[in-house]
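# Tertiary structure, described
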Amino acid sequence: MKSVDLTNGPITRSLLTIAAPLVAGNILQALVEVADLFFVGRISPAAIGGVGLSISVIFVLMTLIIGLAGGTTAFVSRYYGEGNYPYAGRVLIQALILGLILSAAISVVGVLFAADLLEIFGAPEEVIIEGAAYLRVLSLGIVTLVEFWIVSTFFQSIGDTKTPLLIILVINLLNIILDPVLIFGIGVVPAMGVSGAAMATVITRAVGLGIGVVLLYRLNAQMEFTRQAEPDICLMRRILRVAVPNMVQSGVRSVAYLVMYIIIASYGTLALSAFGIVSRIEMLALMPGFGIATAAAVMVGQNLGAGHPDRSEESVWKALTLYGSFMAVITVLFLTFGAGLTEFFDPSGLSDAYAVSYFYIVSPFYVLIAVAIVLSFALNGAGDTKKPMYATLLSYVLVQVPLALILPDLTGTGIVGVWYAMATGILVQTVALYLMFRSGKWKNITI
């Protein structure tokens, strides 16, 4: 696939050209996770719970990789926009080496301490047993997920989002085929239970990585991958200077989410069920915007590299308009059909009151969430990753979590006070990011 020239031409068209395959890829990934859950659900309820907890643990551990991917985007898009293609290729090689190192650390933690990590959640023993089996296999093969992610990030950063989409389509279809074979066994293949589900994920990501490497070789004449395969400690340090604040930002969000889960759990099973439902619905609604925000980050990086900072800024405002308009529509839908959406997942209707109160209080802030996501991605794409980190620390650690602990008793509003705390955190983060972006200092960041 050819990369798209993001430094010239209509900005909105460029954004949509880059974002559309990203959105489609996110949807495909969500569908394969549903398929995983379907097959695992045929084992036992404990298997479902164990896999769910394991994914939560992996997500926290993978914040290291989220940061590395963000740093890779900033460097590759900047050098590609500058026309320095060999150096963009050199960044990929160093990111892959760093990915190997971080994968090894995640593997050690996940394999040796799988059960200990799951016990933190206080889950029943049968859930921990199933979860630990899944987590050990996934951790052992985590390098395939990490390196595939980095290769996909490289393609996206040079403006080619169709190639990762096609690879994801192939490996997700393979994942759905392998799931029942490895989980339940067939012929000479033994039944592996939840370990089979993890193995299917590892195998398919290894296939995706292999396809990605073959396709990268076609760019070798331009990028000179094979001529610069040796470690470059200086460049690694530069990548990490950009990546580490992004890692902190992702880690804070993940930990804060778990803390909020614990706080909400204190209000009972129905409150926890409602939050689980609205969180999933909310994530599906936000998914298209992550594609738009990623496209904005790539356009910011490439246009800064090309010496077009004004075009970088205009790209961000266009992305804000697109994503903000979409989330405004989502707000109206959630306010109107919130109860019906909740009952789709909980036909009993017992969770409705909690979910509807959440939608009434939090969904009017969805446009601000769109603004915060785009601005955060844009600053990260410019390599100015410390500002989003500061905004995240401020909004989650100093505002949202403390207010979630204080407001319910202080105002006598119960769990509604928790929803107000979340809305306040969104407002604070958005204002902080807006002020940081408007300062324009990100245009002069040297990475």
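Quick note: structure is the one above.
Described in the following lines is the structure provided in the data block. Just so we're clear, the structure is a prediction, and the values are computed from it rather than from any experiment.

## Observations regarding the overall build of the protein
- Check the secondary structure of the protein and you find 17 helices and zero strands.
- Compactness check: the protein gives a C-alpha radius of gyration of 22 Å against a globular reference of 22 Å for 447 residues, within 12% of the reference.
- Overall size of the protein, expressed as C-alpha extent along the three principal axes, is 60 × 60 × 35 Å.
- By residue count, 55% of the 447 residues in the protein fall in the buried class.
- Long-range contacts, defined as pairs at least 24 residues apart, comprise 81% of the intrachain contacts of the protein with a sequence gap of at least 6.
- The centroid of the 22 positive side-chain charges in the protein is displaced by 13 Å from the centroid of its 24 negative side-chain charges.

## Some words on the packing of aromatic side chains
- Evaluation of the coordinates by the stated rule reveals 16 aromatic pairs.
- Seen from their ring centres, Phe 290 and Phe 377 are 6.3 Å apart, and the 40 degrees between their planes marks the pair as tilted. Of this pair, Phe 290 sits in helix H12 (residues 269-305) while Phe 377 sits in helix H15 (residues 366-381); the two residues are 87 residues apart in sequence, bridging distant segments of the chain.
- For Phe 377, a relative accessible area of 26% translates into the label partly exposed.
- Residues Phe 437 and Trp 442 carry aromatic rings whose centres are separated by 4.8 Å and whose planes lie at 15 degrees to one another, so their mutual orientation is stacked. Comparing Phe 437 with Trp 442, the two get one shared label, buried.

## Considerations on the nonpolar core
- Formed by 67 residues in total, the largest nonpolar core has its most connected members in Val 316, Tyr 323, Tyr 358, Tyr 366, Val 418 and Trp 419.
- At the level of elements, helix H1 (11-40), helix H11 (233-265), H12, helix H13 (309-345), helix H14 (352-362), H15, helix H16 (386-411) and helix H17 (415-438) are the ones that each hand at least two residues to this core.
- Among the elements that line this core, the one with the most residues is H12, at 16 residues.
- When sequence neighbours within four positions are dropped, the list of residues in contact with Tyr 323 reads Leu 286, Gly 289, Phe 290, Ile 292, Ala 370, Ile 373 and Val 374.
- Among the nonpolar cores identified, the runner-up in size contains 61 residues, and Val 40, Leu 102, Ile 128 and Ala 132 belong to it.

## Remarks on H16
- The end-to-end C-alpha separation of H16 is 35 Å, in line with the 38 Å expected for 26 residues at 1.5 Å each.
- The sharpest bend along H16 measures roughly 40 degrees and falls at Leu 403.
- Gly 412 occupies a position one or two residues after H16 and carries a positive phi of about 70 degrees.

Calculation notes
- Residues numbered from 1 in each chain as written.
- Predicted model: local features only at pLDDT ≥ 70, side-chain atom pairs only at ≥ 80, totals over all residues.
- Heavy atoms only, no water.
- Helix = DSSP H or I, 4+ residues; strand = E, 2+ residues; numbered from the N terminus.
- Rg over C-alpha atoms; globule rule 2.2 N^0.38 Å.
- Buried < 20%, exposed > 50% of the residue type's maximum accessible area, 1.4 Å probe, protein only.
- Contact = heavy atoms within 4.5 Å.
- Lys, Arg positive; Asp, Glu negative; His and termini not counted.
- Charge placed at Lys NZ, Arg CZ, Asp CG, Glu CD.
- Phe/Tyr/Trp six-rings, centres within 6.5 Å; stacked < 30°, edge-to-face > 60°.
- Core = buried A, V, L, I, M, F, W, Y, C linked by side-chain atoms within 4.5 Å.
- Expected span 1.5 Å × (residues − 1).
- Bend = angle between axes of the 7 residues up to and from the residue.

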